[in-house]
Amino acid sequence: MSLPADRREGPSPVPGGGNDVSTGDAGRPATVAQVVAASQRLRLNPNKDHKPESYEDLQLDFSPSIFSSLEPYLPPIMLGVPRDDKVKFMREILHKYLPIGERNRVQKHREYRQKIISNYQPLHRELYTMHPTTFFVPSFLKAISDNSEESFRSIMSEPSPGVFTFEMLQPHFCELLLAEVENFEKWVNEAKFRIMRPNTMNKYGAVLDDFGLETMLDKLMEGFIRPISKVFFPEVGGSTLDSHHGFVVEYGRDRDVDLGFHVDDSEVTLNVCLGKQFGGGELFFRGTRCDKHVNTGSQPEEIFDYSHVSGRAVLHRGRHRHGARATTSGHRINLLLWCRSSVFREMKKYQKDFASWCGECFREKKERQRLSIATTKSELLRKEGESTT
């Protein structure tokens, strides 16, 4: 389940940067209820030695993987309590992202999705289960198996800071997925079924999760994108990706033509061209920005254009500003996977400095440092001059 990016409100920070635990009367350890009431927030740093429980067997209103990802960030007193108490605590935090109105919308979407899955007959059922050797090119599989920065960089290029490109999908997989999307769209038209589009910007395309591919895409994120993101995007929750939004977009004369300048509702975005024959449609990147600086100008080193190649992936931060130029001929279809981290979104509410990933925050920080050094130098020279007179 996805968590809306604009749900930023939360309680005031507690003493100790979120790692303190309240105590009850007379210094006695707090009860679970007291902890929940006093500090509905996570630790800033996870307990790396703690092994989270599995929540797959529970009927939850959030993805079980979200609970497993959050558990190491629980206050110390919570780590040893019964699983039901952990669930209650984490649900209280997660519901801050989904107020009642939003939860109702999620429930309606769940019913909508179930109606599609109950009626749509897949064309290629082999797509609905992860088969790495038939989905991915050998070089990509080897890099994932070796699981090191060196192995990842051996198959990647980084033509612009924070933008990674690499060969990923087998041509046959691209053909099967294109055929499945066409089959789904044919069913939609014949059944006169009104479907939800991928986002507010694209009028064409389909949400892959809505017609049964959610489990396969979860495996894609967890087993293949998260290991890479852990290495290259740790500062935006790359190691704690726990939910996704998977979809295809379509561009051409009778489809969307281009896509305006924007940021994604994700921590990390995977974008893979599936085909077909087309002209134009280049991606343009203009630097990574936090909410405060999203509309600031770009520096020369942040300007980069990328031309799509079928089967080749682009991986970047969701906050990396980008857009798509007009597809001037043919028909282009891309697979998008917006990968999200509930942990990062919770922690982000209590941060003020995003210089580790926001280009403008970084430049402001460097300027403050430069001015501080200049002021200190000037003061030292002044004092030295006074001492010699």
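Anything mentioned here points back to the structure above.
Keep in mind that what you see is a predicted model, and the values were worked out from it rather than measured.

## Description of the pairing of strand β10 (residues 312-317)
A regular strand places its side chains so that they alternate between the two faces of the sheet.
Inference 1: Within β10, six of the six residues are buried, which leaves the element mostly enclosed by the surrounding structure.
Inference 2: Across four bridges, strand β2 (residues 163-167) lies against β10 in antiparallel orientation. Bridge assignment links Glu-167 to a residue of β10, and that residue is Arg-312.
Inference 3: Alignment of strand β6 (residues 268-275) against β10, held across five bridges, turns out to be antiparallel. Note on β10: the bridge partner recorded for Leu-270 is Leu-315.

## With respect to the nonpolar core
Inference 1: Phe-140, Met-168, Leu-220 and Leu-270 are the most contacted members of the largest nonpolar core, which has 63 residues in total.
Inference 2: The greatest single-element share of this core, amounting to nine residues, is contributed by helix α8 (residues 171-191).
Inference 3: Once you skip the residues sitting within four places of it in the chain, Phe-140 turns out to touch Ile-155, Phe-166, Glu-167, Met-168, Phe-224 and Ile-228.

## Considerations on the side chain of Ser-151
Inference 1: Take Ser-151: it is sitting in helix α7 (residues 149-155).
Inference 2: Ser-151 sits in the buried class, given a relative accessible area of 7%.
Inference 3: Setting aside residues up to four positions removed in sequence, Ser-151 forms contacts with Ala-143 and Asp-146.

## Some details on the sheet that holds strand β8 (residues 283-288)
Inference 1: Spatially, the four strands line up as an open sheet ordered β5-β11-β8-β9, and their pairing is antiparallel. The sheet terminates laterally at β5 (259-262) and β9 (303-306), the two strands that pair on one side only. On average, adjacent strands in this sheet sit at an angle of 20° to one another, irrespective of strand direction.

## What about helix α6 (residues 138-146)?
Inference 1: Phe-140, Ala-143 and Ile-144 are the residues of α6 that are buried. The buried residues of α6 all sit within an arc of 95° when viewed along its axis, so they share a single face. Every exposed residue of α6 that faces more than 90 degrees away from the buried side is listed here: Pro-138, Lys-142 and Ser-145.
Inference 2: One or two residues past the end of α6 sits Asn-147, with phi positive at roughly 55°.

Definitions and limits used
Residues numbered from 1 in each chain as written. Predicted model: local features only at pLDDT ≥ 70, side-chain atom pairs only at ≥ 80, totals over all residues. Heavy atoms only, no water. Buried < 20%, exposed > 50% of the residue type's maximum accessible area, 1.4 Å probe, protein only. Helix = DSSP H or I, 4+ residues; strand = E, 2+ residues; numbered from the N terminus. Pairing = 2+ DSSP bridges. Core = buried A, V, L, I, M, F, W, Y, C linked by side-chain atoms within 4.5 Å. Contact = heavy atoms within 4.5 Å. Axes fitted to C-alpha atoms, helices over the stretch in contact; angles between N-to-C directions. Arc of directions from axis to C-beta.

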